[in-house]
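Structural characterization, general
The primary structure of each chain is shown beneath.
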Amino acid sequence: MHAMLRNWVPLPALVLVFLFSVECTAWTARGCVDLDSSTFDKVVKKFRYTLVKFDTAFPYGDKHEAFTSLAQQVAGSDELLFALVGIKDYGEKDNTDLERRFSIPKEYPVVKLFSHNIDKPIDFPTSEEISADSLRLFLKRNTDLYIGLPGCVQKLDDFVHVFLHSSDNVEKQSIIDQIETLGKALDETDQFKTSYQTYAALMRKILHANKPPTVVVQDEMDRIAKILQGKLSDSKRHDLKLRINIMQSFLSESTPITSAHSSEL
């Protein structure tokens, strides 16, 4: 009986321990920093770009995991910061001043991209579902940083830039030839080998079409989107989604797209 009493802990104490542990760990997210009213401007001004998720004080769920997952994937960039702002509408009402300042609606989470002009962020479209791919595409379209989608290769995206801005068909064919040569030199097990083939095939289609590049690419994306609606093996569906990612590189190069036009893969 005495042993039981020694091991007994009052319920309120257990609750306090639980709340303390939540308070200490809920904000911890690898790849992200937590900002509040006193640190927001100081930190954001230090980076060329800061992607901020305004959310509840203790965020969770798929959208939070998507944000933190992408933060870890691009953690090597010194020019891009992923940040979290937790808003409490109770107690001391932490960060509600930031909520008012940036007109954050109650439908959390809200994602905004900040640059040096802090008071004019770019809004992640509310019509879009927050996922790692849609956030990556949003960054790709609204920054000059290389934020490649899965399946994309920075060297090949650089070729896309030259290809789409060239008016010389000989130069365009030379680019296609270079990509094919580089692709053939890759080992069969290289995960990007098929990406080289996709880049070259799409460039060839653009070169020989009597339509603007954006129309050619969009038509191909629409065609694949219809295929994706059918029954496919997981591997085939994965391959087609990678092809769409590559097409996004062509679209973002040929037509600068703001957040209002972005769409989830």
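This text gives an overview of the structure that appears in the document. (Residues numbered from 1 in each chain as written. Predicted model: local features only at pLDDT ≥ 70, side-chain atom pairs only at ≥ 80, totals over all residues. Heavy atoms only, no water.)

Concerning the overall build of the protein chain
Note the threshold: By the criteria applied, helices consist of DSSP H or I runs no shorter than four residues and strands consist of E runs no shorter than two, each listed in order from the N terminus. A 1.4 Å probe rolled over the protein chains alone gives each residue an accessible area, and that area as a share of the maximum for its type sets the label: buried under 20%, exposed over 50%, partly exposed in between. Every residue pair with non-hydrogen atoms within 4.5 Å of one another is taken to be in contact. Only the protein chains shown count as cover for residues, with accessible areas throughout obtained via the Shrake-Rupley method and a probe of 1.4 Å.
The helix and strand tally for the protein chain stands at 11 helices and 5 strands. For the protein chain, the residues scored as buried account for 41% of the 265 residues in total. The contacts of the protein chain with a sequence gap of at least 6 include a subset with a gap of at least 24, amounting to 66%. Carbon together with sulfur atoms contributes 55% to the accessible area of the protein chain, which is approximately 15,400 Å² in total.

Concerning the sheet that holds strand S5 (residues 122-123)
Note the following rule: A pair of strands is considered paired only if DSSP assigns at least 2 bridges between the two. Lines fitted to the C-alpha atoms define the axes, with helices restricted to the stretch that makes contact. Angles between their N-to-C directions range from 0 to 180 degrees.
Here we have 5 strands laid out as an open sheet, ordered S1-S3-S2-S4-S5, and mixed in their pairing. Sheet topology places strand S1 (32-34) and S5 at the edges, where each strand pairs with a single neighbour. Across 8 bridges, the pairing between strand S2 (residues 49-56) and strand S3 (residues 80-87) is parallel. The residue of S3 that forms the bridge with Thr50 is Leu81. Lying over the sheet, helix H4 (residues 62-73) contacts S1, S2, S3 and strand S4 (110-114), oriented at roughly 150 degrees with respect to S3.

A closer look at the packing of H4 against helix H6 (residues 132-142)
Just so we agree on the cut-off: Each angle receives one of four descriptions, namely roughly parallel if under 35 degrees, roughly antiparallel if over 145, roughly perpendicular if within 65 to 115, and oblique otherwise. A clockwise turn of the near helix away from the far one marks a right-handed crossing, whereas an anticlockwise turn of less than a right angle marks a left-handed crossing. When residues are sorted by character, Ala, Val, Leu, Ile, Met, Phe, Trp, Tyr, Cys and Pro go into the nonpolar class, Asp, Glu, Lys and Arg into the charged class, and all the rest, Gly among them, into the polar class.
Two numbers describe how H4 lies on H6: the axes approach to 8 Å, and their chain directions differ by 55 degrees. One finds that H4 runs oblique with respect to H6. Judged by the sense of rotation from one axis to the other, the crossing of H4 with H6 is right-handed. In this structure, H4 uses Ala66, Phe67, Leu70 and Gln73 to contact H6, whose residues at the interface are Ala132, Leu135, Arg136 and Leu139. Along the lines of polarity and charge, the residues of the contact of H4 with H6 split into 6 nonpolar, 1 polar and 1 charged.

Some details on the pattern of salt bridges
Let me state the cut-off plainly: Definition used for salt bridges: Asp or Glu carboxyl oxygen within 4 Å of a side-chain nitrogen of Lys or Arg.
One pass over the structure, following the stated rule, counts 15 salt bridges. Of the charged contacts, one joins Asp94 and Lys88 as a salt bridge, the two residues approaching to 3.8 Å between their closest N and O atoms. With a relative accessible area of 30%, Asp94 lands in the partly exposed category. Under the relative-accessibility criterion, Lys88 is labelled buried at 12%.

Considering H6
Counting buried positions over the 11 residues of H6 gives 9, a clear majority of the element. Every buried residue belonging to H6 is among Ser134, Leu135, Arg136, Leu137, Phe138, Leu139, Lys140, Arg141 and Asn142, and all of these are buried.

Observations regarding the pairing of S2
Applied cut-off: Looking down the strands as they point away from the viewer, one classifies a crossover as right-handed if the path from the first strand across the helix to the second runs clockwise.
When you tally the buried positions in S2, you get 7 out of 8 residues, the bulk of the element. Taken together, S2, H4 and S3 constitute a β-α-β crossover, and its handedness is right-handed. Taken together, the 5 bridges between S2 and S4 define a ladder with antiparallel strand orientation. Across the sheet, Thr50 pairs through a bridge with Phe114, a residue of S4.

Considering the environment of Leu182
Note that Leu182 resides in helix H8 (residues 169-185). A C-alpha to C-alpha distance of 7.7 Å links Leu182 and Tyr196, two positions 14 residues apart in sequence. Filtering out sequence-adjacent residues up to four positions away, Leu182 remains in contact with Lys155, Phe159 and Tyr196.

As for the packing of aromatic side chains
Heads up, the condition is: Pairing of aromatic side chains here covers Phe, Tyr and the six-membered ring of Trp, requires ring centres within 6.5 Å, and sorts the geometry by plane angle: under 30 degrees stacked, over 60 edge-to-face, intermediate tilted.
The final tally for this structure, using the stated rule, is 9 aromatic pairs. For the pair Tyr199 and Phe250, a centre-to-centre distance of 6.1 Å together with 40 degrees between the ring planes defines the contact as tilted. Highlighted residues: Tyr199 in helix H9 (residues 193-208) and Phe250 in helix H11 (residues 234-254), separated in sequence by 51 residues. For the residue pair Tyr199 and Phe250, the accessibility class agrees, reading buried in each case. These aromatic residues form a ring-pair network of at least three members: Phe40, Phe54, Phe102 and Phe114.

Some words on the pairing of S3
Burial analysis of S3 places 8 of its 8 residues in the buried class, the great majority of the element. The alternating pattern of S3 places Leu80, Phe82, Leu84 and Gly86 and Leu81, Ala83, Val85 and Ile87 on opposite faces, both of which are buried. One ladder, built from 3 bridges, connects S1 with S3; its direction is parallel. In the sheet register, Asp34 faces S3, and the bridge partner there is Leu84.

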